[in-house]
Amino acid sequence: MQKISLYDMDRTITVRGTYTPFLFHMVFARAPWRLIFLPLLPFGFIAYGFKLLSRGQLKTFNQRMLLGSAPKLAKLQPHIERFADKVLSSNRHRKAIDQIEIDRADGRKLVLVTASYELYAEAIARRLGFDHLVGTLLEVDEQGRVLPVIIGENCYDDAKIGRIEQLFAKQGWQRANSHVRAYSDHVSDQAMLEFADEAIATTPTPKLRRLAGQRGWQIVDWR
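Residues numbered from 1 in each chain as written. Predicted model: local features only at pLDDT ≥ 70, side-chain atom pairs only at ≥ 80, totals over all residues. Heavy atoms only, no water.

Colleague: Explain the packing of aromatic side chains here, please?
Modeller: The geometry of two aromatic rings is summed up by the distance between their centres and the angle between their planes. Applying the stated criterion to the full structure yields 10 aromatic pairs. Ring plane angle 70° and centroid distance 5.5 Å describe the contact between Phe22 and Phe83, whose orientation is recorded as edge-to-face. With a gap of 61 residues between them, Phe22 in helix α1 (residues 19–30) and Phe83 in helix α4 (residues 73–90) connect regions that are remote in the sequence. Ring geometry for Phe22 and Tyr120: centres 4.4 Å apart, planes at 20°, overall stacked. Of this pair, Phe22 sits in helix α1 while Tyr120 sits in helix α6 (residues 118–128), placing them 98 residues apart in sequence. (Phe/Tyr/Trp six-rings, centres within 6.5 Å; stacked < 30°, edge-to-face > 60°. Helix = DSSP H or I, 4+ residues; strand = E, 2+ residues; numbered from the N terminus.)

Pasting the structure below:
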């Protein structure tokens, strides 16, 4: 029996989201002049509100404005590492870190499953000792430039299940011979929680708290 733990990242392991803080960290570290594009960001959110942009397209729009169209990954990496250090020093639930260690000691395979970009989530996953990362993938061209283009789907909501199933196939894990535990704070991860044998709502939003109560899922508060 393979034991696997699936962890959402933003507001499950972290206290706050990481996507916008990541972009601003990179702006101030690399190119403060890009703050001139701030007045354009609300137009992206308006377009998203009117369903003219998808969630993924909104993310890449903001990325283009604040990170640039094609920065070199090698030049971004030192700043990414510092951002990961910052997240784990000031934006994490201590009880989440403790639970990760408990699951590791129990021999569970640890999988970080996040809508955040793998571009920076990898550094966070590495520091926490995760075995695998499933996140939103960005295109990196032959010159090593990070493009504002998502490969496949934004790893959010039901899209997480397809990526989890791909990981299972790649690792040779059989779902019928696995015990899966899943942790999330948000109802957008309903499909991932339903996929699990043991679903845990962590410091949940009101909607997830209600759903967890209806489904009999465990509820924990990691604040």
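Colleague: Even after reading the chapter, I still don't get the pairing of strand β1 (residues 2–7), so can you show me in this structure?
Modeller: Each regular strand carries side chains that alternate between the two faces of the sheet. Of the strand pairs in this sheet, β1 and strand β5 (residues 178–184) are connected by six bridges, and their pairing is parallel. The residue of β5 that forms the bridge with Tyr7 is Tyr183. Both β1 and strand β2 (residues 109–117) contribute to a ladder of four bridges, which runs parallel. The partner of Ile4 across the bridge, within β2, is Lys109. (Pairing = 2+ DSSP bridges.)

Colleague: I keep staring at the side chain of Thr18 and nothing clicks. Help me out?
Modeller: Tracing the backbone shows Thr18 in the loop between β1 and α1. Residue Thr18 is classed as buried on the basis of its relative accessible area of 0%. Not counting the four nearest positions on each side in its chain, Thr18 is found in contact with Met9, Asp10, Phe83, Val87, Asn91, Ser116 and Tyr120. (Buried < 20%, exposed > 50% of the residue type's maximum accessible area, 1.4 Å probe, protein only. Contact = heavy atoms within 4.5 Å.)

Colleague: How do you make sense of the pattern of salt bridges when you look at a structure like this?
Modeller: Pairing is possible between side chains that carry opposite charge, provided their charged atoms lie close to one another. Scanning the model with the defined rule gives 17 salt bridges in all. Two residues, Glu81 and Arg126, come together in a salt bridge whose shortest N-O distance is 2.8 Å. Here Arg126 lies in helix α6 and Glu81 lies in helix α4, a separation of 45 residues in the sequence. A salt bridge links Arg126 to Glu122; the shortest N-O distance between them is 2.8 Å. (Salt bridge = Lys/Arg side-chain N within 4 Å of Asp/Glu carboxyl O.)

Colleague: Mind showing me how you'd approach the sheet that holds strand β4 (residues 146–151) here?
Modeller: Sheet strands line up and pair through hydrogen bonds in the backbone, either parallel or antiparallel. Strand order across the open sheet formed by seven strands is β4-β3-β2-β1-β5-β6-β7, with mixed pairing between neighbours. Across the chains shown, the open sheet's two edge strands, defined by having one partner strand only, are β4 and β7 (218–220). If you compare each strand with its neighbour and ignore which way they point, the axes differ by 30° on average. As paired elements, β2 and strand β3 (residues 132–140) share four bridges and run parallel to each other. Residue Val111 lies in a different strand from β3, and its bridge partner there is His132. Sheet strands touched by α6: β2, β3 and β4. Its angle to β2, the strand with the most contacts, is close to 150°. (Axes fitted to C-alpha atoms, helices over the stretch in contact; angles between N-to-C directions.)

Colleague: What exactly am I supposed to notice about helix α9 (residues 206–215) here?
Modeller: Two residues of an α-helix separated by three or four positions point the same way, owing to the 3.6 residues in each turn. All buried positions along α9 are accounted for by Leu208, Leu211 and Ala212. Relative to the axis of α9, the buried residues are bounded by an arc of 100° and lie together on one face. Looking at α9, the residues exposed on the side facing more than 90 degrees away from the buried face are Pro206, Arg210, Gly213 and Gln214. Where α9 is buried, its residues touch β5, α8 (190–195), β6 (198–202) and β7. One or two residues past the end of α9 sits Gly216, with phi positive at roughly 75°. (Arc of directions from axis to C-beta.)

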